[in-house]
Amino acid sequence: MFALRRAEDRGHVNHGWLDSFHTFSFGSYDDPRHRGFSKLRVINDDTVAPGGGFATHGHSDMEIISYVLEGALEHRDSMGNGSVIRPGDVQRMSAGTGVRHSEYNHSSEDPVHFLQIWVEPDTTGVRPGYEQRHYSAERRRGRLVLLVSPDGRDGSIAINQDALLYGTLLIAGERLSYQPSDGRRAYVHVARGSARVNGEALDGGDGVAMENLGEVRLEGISETEVLLFDLP
């Protein structure tokens, strides 16, 4: 299976302060053909205007990953965490038995562009948790860097699911390949720029679900930022 999900086909809402594109069904956007892939439930491509943000609200039993592309995102939660997430930072909040948090644009002048990713946990009712790490552009350039894993190996962030998330930055013509284990599935999301995935050209916001195809091949068309999910 090689199922393309073009950026222009995603769900879309614009509330003025928030311009959001939904790869999978979310909120008022419900498409029975796109309600997640494996344990990957949400990829929301959000741009929040200066001074805007999500007021305090609750989550439970979900692994929530925030990945900033441009600008700065301010986070506060009921566990006592407060931070500002910038490009290169990856934040994971395990909602577990329940957590409340808010997310605001840290800037009063510039928008913040980020991805919010939800992964279904393998166990419900766990104690809520939080972790944030920085992965420099230099570290990710030209290589797949493990950002999220079930056991926190290789400097990655631990998640309550047998899922791996890799990130890379490629320039035009640069190539990488990845081999999922037998029976595993892959999802590739082009966060910005343009890349070829197994020969197919994808632009920013495009994604592709892959199953039983063996090797995942990535090639930069322009300077590009790509996320690769290895899923059960």
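What you see is a predicted model; the values in this text were computed from it and never measured. (Residues numbered from 1 in each chain as written. Predicted model: local features only at pLDDT ≥ 70, side-chain atom pairs only at ≥ 80, totals over all residues. Heavy atoms only, no water.)

**A word on the overall build of the protein**
Part 1 of the argument: Across its full length, the protein holds one helix and 22 strands.
Part 2 of the argument: Scaling as 2.2 N^0.38, a compact globule of 232 residues should have a C-alpha radius of gyration of about 17 Å, and the protein matches this with 17 Å.
Part 3 of the argument: Taken over the C-alpha atoms alone, the protein extends approximately 45 × 40 × 40 Å along its principal axes.
Part 4 of the argument: For the protein, with 232 residues in total, the buried portion stands at 52%.
Part 5 of the argument: If you take every contact in the protein between residues at least 6 apart in sequence, the share linking residues at least 24 apart comes to 68%.
Part 6 of the argument: Accessible surface, the protein: about 10000 Å² in total, of which carbon and sulfur atoms supply 44%.
Part 7 of the argument: Of the charged side chains in the protein, 24 are positive and 34 negative; the average position of the first set lies 2 Å away from that of the second. (Helix = DSSP H or I, 4+ residues; strand = E, 2+ residues; numbered from the N terminus. Rg over C-alpha atoms; globule rule 2.2 N^0.38 Å. Buried < 20%, exposed > 50% of the residue type's maximum accessible area, 1.4 Å probe, protein only. Contact = heavy atoms within 4.5 Å. Areas by Shrake-Rupley, 256 points an atom, 1.4 Å probe, with all protein chains shown as cover. Lys, Arg positive; Asp, Glu negative; His and termini not counted. Charge placed at Lys NZ, Arg CZ, Asp CG, Glu CD.)

**What about the packing of aromatic side chains?**
Part 1 of the argument: Evaluation of the coordinates by the stated rule reveals five aromatic pairs.
Part 2 of the argument: Their ring planes at 80 degrees and their centres at 5.2 Å tell us that Trp17 and Phe54 sit as a pair that is edge-to-face. Of this pair, Trp17 sits in the loop between strand E2 (11–14) and strand E3 (18–22) while Phe54 sits in strand E5 (residues 53–59), placing them 37 residues apart in sequence.
Part 3 of the argument: Ring centres of Tyr166 and Tyr178 lie 5.0 Å apart, and the angle between their planes is 55 degrees; this geometry places the pair in the tilted category. Linking Tyr166 in strand E15 (residues 164–170) with Tyr178 in strand E16 (residues 175–178), this pair joins segments that are twelve residues apart in sequence. (Phe/Tyr/Trp six-rings, centres within 6.5 Å; stacked < 30°, edge-to-face > 60°.)

**Section: the nonpolar core**
Part 1 of the argument: Counting residues in hydrophobic clusters, the biggest one holds 25 residues, and the most contacted among them are Leu40, Leu147, Tyr187 and Phe229.
Part 2 of the argument: Of all elements in the fold, only strand E4 (40–48), strand E6 (63–70), strand E11 (112–119), strand E13 (145–149), strand E17 (185–192) and strand E22 (224–231) reach the threshold of two or more residues within this core.
Part 3 of the argument: Those residues in contact with Leu40, other than ones at most four positions away along the chain, are Phe24, Ile117, Trp118, Val119, Tyr187, Phe229 and Leu231.
Part 4 of the argument: Leu164, Ala195, Val226 and Leu228 belong to the second largest nonpolar core, which has 18 residues in total. (Core = buried A, V, L, I, M, F, W, Y, C linked by side-chain atoms within 4.5 Å.)

**So, empty space enclosed by the protein**
Part 1 of the argument: Counted under the stated rule, the structure contains one cavity of 30 Å³ or more.
Part 2 of the argument: Lining the largest cavity are Ile65, Val119, Val148, Ile159, Ala163, Leu164, Leu165 and Phe229.
Part 3 of the argument: Looking at the lining of the largest cavity residue by residue, the class counts come to eight nonpolar, no polar and no charged. (1 Å grid on protein atoms, 1.4 Å probe; cavity = no way out; pocket = protein on both sides within 12 Å on 5 of 7 lines; lining within 4 Å. Points joined across faces, edges and corners; volume = space filled by probe spheres on them. Nonpolar A, V, L, I, M, F, W, Y, C, P; charged D, E, K, R; others polar.)

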